[in-house]
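Breakdown of the fold
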Amino acid sequence: MDEKTMMKDDMVTKLAILLTETGNAATMTDALSTVLNSETYQLVQNDNTALYYQSPHYVYDFLKNELHEGKAK
């Protein structure tokens, strides 16, 4: 596994943890499902955005916006 893939996977895990900690997901399974089915996940996977290099809280703001507004910023 290369470094970028590891960073992307780590970001997904951290986003799921933030979802559960903030009460936006009841279980880790729900949180992972939310992240993996989001537009934000697609942005994290896109090498051109380099979101996997950013703070999880910064990326979480994209996810929160998507959940509330229906799209990522």
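What comes next is a walk through the structure. Predicted, not measured: the structure shown is a model, and the values here were computed from it.

What follows is about the packing of aromatic side chains. Tallying each qualifying case throughout the model produces two aromatic pairs. The interplanar angle of 40° and the centroid separation of 4.7 Å between the aromatic rings of Tyr52 and Tyr53 together place this pair among those described as tilted. Residue class for Tyr52 comes out buried when judged on its relative accessible area of 5%. Centre to centre, the rings of Tyr58 and Phe62 are 5.3 Å apart; their planes meet at 70°, and the pair counts as edge-to-face. Taken as a pair, Tyr58 and Phe62 lie in helix H4 (residues 56-69) at a separation of four residues, close to a single helical turn. In this structure Tyr58 comes out as partly exposed when scored by relative accessible area, which is 41%.

Right, let's talk about the nonpolar core for a bit. Grouped burial of nonpolar side chains is what soluble globular proteins tend to show. Core analysis: the largest hydrophobic core is formed by 16 residues, its most contacted members being Leu15, Leu19, Val35, Val44, Val59, Tyr60 and Leu63. Looking at this core, the elements with two or more residues in it are helix H1 (3-21), helix H2 (28-36) and H4. Counting residues per element, this core draws most heavily on H1, at six residues. Excluding anything up to four places from it in sequence, Tyr60 contacts Leu15, Leu18, Leu19, Thr22 and Asn24.

The backbone phi angle of Ala50 is positive, close to 55°, even though this residue is not glycine. When you line up the elements, Ala50 lands in the loop between helix H3 (39-45) and H4.

For the rest of this paragraph, the subject is the pattern of salt bridges. Applying the stated criterion across every chain, the model contains four salt bridges. Salt-bridge contacts for Lys4 lead to Asp47; the nearest nitrogen and oxygen are separated by 4.0 Å. Within this pair, whereas Lys4 is found in helix H1, its partner Asp47 is found in the loop between H3 and H4, the two being separated by 43 residues in sequence. Take Lys4: its relative accessible area is 35%, and that puts it in the partly exposed class. According to the relative accessible area criterion, Asp47 is partly exposed, its value standing at 38%. Across the salt bridge formed by Asp47 and Lys8, the nearest N and O atoms sit 2.6 Å from each other. Linking Asp47 in the loop between H3 and H4 with Lys8 in helix H1, this pair joins segments that are 39 residues apart in sequence. Residues joined in a network through salt bridges with shared partners are Lys4, Lys8 and Asp47.

The rules behind each value
- Residues numbered from 1 in each chain as written.
- Predicted model: local features only at pLDDT ≥ 70, side-chain atom pairs only at ≥ 80, totals over all residues.
- Heavy atoms only, no water.
- Phe/Tyr/Trp six-rings, centres within 6.5 Å; stacked < 30°, edge-to-face > 60°.
- Buried < 20%, exposed > 50% of the residue type's maximum accessible area, 1.4 Å probe, protein only.
- Helix = DSSP H or I, 4+ residues; strand = E, 2+ residues; numbered from the N terminus.
- Core = buried A, V, L, I, M, F, W, Y, C linked by side-chain atoms within 4.5 Å.
- Contact = heavy atoms within 4.5 Å.
- Salt bridge = Lys/Arg side-chain N within 4 Å of Asp/Glu carboxyl O.

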